[in-house]
Amino acid sequence: MLHTYSFCGFFKPFIAGVLSQIPKEFIKDTVAFEIIDTYPMSGDEFDDGYHTSSVRLYVKR
């Protein structure tokens, strides 16, 4: 997922930013999420003004 930042050394994702990027086919069943890994200062996304992360979605069983 992509997260905007105001200072490149400060990773502070926001809930609305994560929710807005969950694919529509998963949003209905998702009850929680967890950021499991971050790549805050690497890749083309960083050059474009974003930090990146891997997010795990949880569903109700």
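Located above this text is the structure these notes cover.
Everything quoted here is computed from the prediction, not taken from an experiment.

1. Some thoughts on the overall build of the chain
Along the backbone of the chain there are three helices and three strands. Accessible surface computed for the chain: about 4700 Å², of which carbon and sulfur atoms make up 56%. For the chain, the centre of its 6 positive side-chain charges and the centre of its 8 negative side-chain charges are spaced 17 Å apart.

2. Section: the pattern of salt bridges
This structure, assessed with the given rule, holds one salt bridge. For Arg-56, the salt bridge goes to Glu-34, with nearest N and O atoms at 3.3 Å. A residue pair is termed long-range when its members are at least 10 positions apart, and Arg-56 in strand E3 (residues 50-59) and Glu-34 in strand E2 (residues 30-39) qualify at 22 residues. For Glu-34, a relative accessible area of 32% corresponds to the partly exposed category.

3. A look at the side chain of Thr-30
If you trace the backbone, Thr-30 turns up in strand E2. For Thr-30, a relative accessible area of 17% puts it in the buried group. At 2.7 Å, the side chain of Thr-30 and the backbone oxygen of Phe-26 are in polar contact. Dropping the residues within four chain positions of it, Thr-30 is found in contact with Ile-22, Leu-57, Tyr-58 and Val-59.

4. Description of the pairing of E3
Pairing geometry for strand E1 (residues 2-4) and E3, over three bridges, is antiparallel. From the neighbouring strand, Leu-2 faces E3, where its bridge partner is Thr-52.

5. Considering the sheet that holds E3
One open sheet holds the three strands; their spatial order is E1-E3-E2, and the pairing between them is antiparallel. A single partner strand is all that each edge strand has here, and the edge strands are E1 and E2. The sheet shows a mean angle of 45° between the axes of neighbouring strands, direction not considered.

6. Thoughts on the side chain of Ser-53
Structurally, Ser-53 is set in strand E3. Assessed through its relative accessible area of 5%, Ser-53 is described here as buried. Setting aside chain neighbours within four positions, we find Ser-53 in contact with Met-1, His-3, Phe-11, Ile-35, Asp-37, Thr-38 and Tyr-39.

Definitions and cut-offs
- Residues numbered from 1 in each chain as written.
- Predicted model: local features only at pLDDT ≥ 70, side-chain atom pairs only at ≥ 80, totals over all residues.
- Heavy atoms only, no water.
- Helix = DSSP H or I, 4+ residues; strand = E, 2+ residues; numbered from the N terminus.
- Areas by Shrake-Rupley, 256 points an atom, 1.4 Å probe, with all protein chains shown as cover.
- Lys, Arg positive; Asp, Glu negative; His and termini not counted.
- Charge placed at Lys NZ, Arg CZ, Asp CG, Glu CD.
- Salt bridge = Lys/Arg side-chain N within 4 Å of Asp/Glu carboxyl O.
- Buried < 20%, exposed > 50% of the residue type's maximum accessible area, 1.4 Å probe, protein only.
- Polar contact = N/O pair within 3.5 Å; in protein donor to acceptor, adjacent residues only side chain to side chain.
- Contact = heavy atoms within 4.5 Å.
- Pairing = 2+ DSSP bridges.
- Axes fitted to C-alpha atoms, helices over the stretch in contact; angles between N-to-C directions.

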